[in-house]
Amino acid sequence: YAIADGVVIEHVDGFGSWGNYVRIEHRIAGRVVISSYAHMQTGSSPLVVGETIGVGEFVGLVGATGQVTAPHLHLEIEDNGVRMDPFVWLTEHAG
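For every chain, the first residue of its written sequence is number 1, and the numbers climb from 1 along that sequence. Local features in a predicted model are, by the rule used here, given only for residues with pLDDT of at least 70; side-chain atom pairs are given and counted only at 80 or more, and totals for whole chains, interfaces and linings are based on all residues. Calculation of side-chain values draws on the structure's entire complement of heavy atoms; hydrogens and water are dropped beforehand.

Undergrad: How would you summarise the confidence of the model for the protein chain if you had to cite specific residues and measurements?
TA: pLDDT: the predictor's confidence for each residue, scored from 0 to 100. When the pLDDT values of the protein chain are averaged, the result is 95; 99% of them are 70 or greater. Put simply, DSSP marks the helices as runs of H or I at least four residues long and the strands as runs of E at least two long, and each gets a number from the N terminus on. Within the protein chain, no element has a lower average pLDDT than helix 1 (residues 86-93), which sits at 93, and none a higher one than strand 4 (residues 52-53), at 98.

Undergrad: So what's going on with the pattern of salt bridges? Which residues, and what values?
TA: In a structure, side chains of opposite charge can pair up when their charged atoms sit close to one another. Think of a salt bridge as a Lys or Arg side-chain nitrogen and an Asp or Glu carboxyl oxygen that are within 4 Å of each other. Within the structure shown, the criterion is met by 5 salt bridges. A salt bridge links Arg-27 to Glu-25, with the nearest nitrogen and oxygen atoms 3.2 Å apart. Burial classes follow relative accessibility: with a 1.4 Å probe on protein chains only, a residue under 20% of its type's maximum area counts as buried, one over 50% as exposed, and anything between as partly exposed. Its relative accessible area of 63% is what places Arg-27 among the exposed residues. Here Arg-31 ties to Asp-79 by a salt bridge, and the two come within 2.7 Å at their closest N and O atoms. Linking Arg-31 in strand 3 (residues 31-40) with Asp-79 in strand 5 (residues 74-79), this pair joins segments that are 48 residues apart in sequence.

Undergrad: Lay out the environment of Trp-18 in plain terms, naming residues and giving numbers.
TA: Among the structural elements, Trp-18 can be located in the loop between strand 1 (6-13) and strand 2 (20-28). Once the C-alpha coordinates of Trp-18 and Ser-36 are considered, the two residues, 18 residues apart in sequence, prove to be 9.9 Å apart. Excluding its chain neighbours within four sequence positions, the residues that come into contact with Trp-18 are Arg-23, Ser-36, Ala-38, His-39, Thr-65, Gly-66, His-74 and Glu-76. Note on definitions: a residue-residue contact is assigned when non-hydrogen atoms from the two residues lie within 4.5 Å.

Undergrad: Can you break down the sheet that holds strand 2 residue by residue, with the values?
TA: The strand order 4-1-2-3-5-6 describes an open sheet built from 6 strands, whose pairing is antiparallel. Whereas interior strands pair on both sides, the edge strands pair on one side only; in this sheet they are strand 4 and strand 6 (82-84). Only when DSSP finds a minimum of two bridges between them are two strands counted as paired. Of the pairings in the sheet, the one linking strand 5 to strand 6 comprises 3 bridges and is antiparallel in character. Pairing of Glu-78 across the sheet is with Arg-83, part of strand 6. Across the sheet, helix 1 is in contact with strand 2, strand 3, strand 5 and strand 6; its angle to strand 5 comes to roughly 60 degrees. For every element, the axis is a line fit to its C-alpha atoms; helices are fit only across the contacting stretch, and the angle between N-to-C directions ranges from 0 to 180 degrees.

Undergrad: Describe the packing of aromatic side chains, and please don't skip the residues or the numbers.
TA: Aromatic pairs are defined between Phe, Tyr and Trp rings, using the six-membered ring for Trp, whenever the two ring centres lie within 6.5 Å; interplanar angles under 30 degrees are classed as stacked, those over 60 as edge-to-face, and all others as tilted. Scanning all chains against the criterion turns up 2 aromatic pairs. Note on Tyr-1 and Phe-58: the rings are 5.9 Å apart at their centroids and 70 degrees apart in plane angle, and the pair reads as edge-to-face. One end of the pair, Tyr-1, is in the segment before strand 1; the other, Phe-58, is in the loop between strand 4 and strand 5, and 57 residues separate them in sequence.

Now the structure itself:
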């Protein structure tokens, strides 16, 4: 589920290291934050590039696509171009 309101900037149903993934750009307190959701089940995300998505809206189903050993969600957060620990970032910024 989306961490915040944003716009889908990338959606790949692929077989690279991330497998099936979606990247969403958010504007939070004047900063550009990008959330990435990887290894999702093939075809499970209905999102398209350019689509606006709201906080808490469905992104896709946990899967095991790409380079993985078991199903899981690979979540990344970039805050103004700097990769952050998602747990730390969400703890500080999620309501």
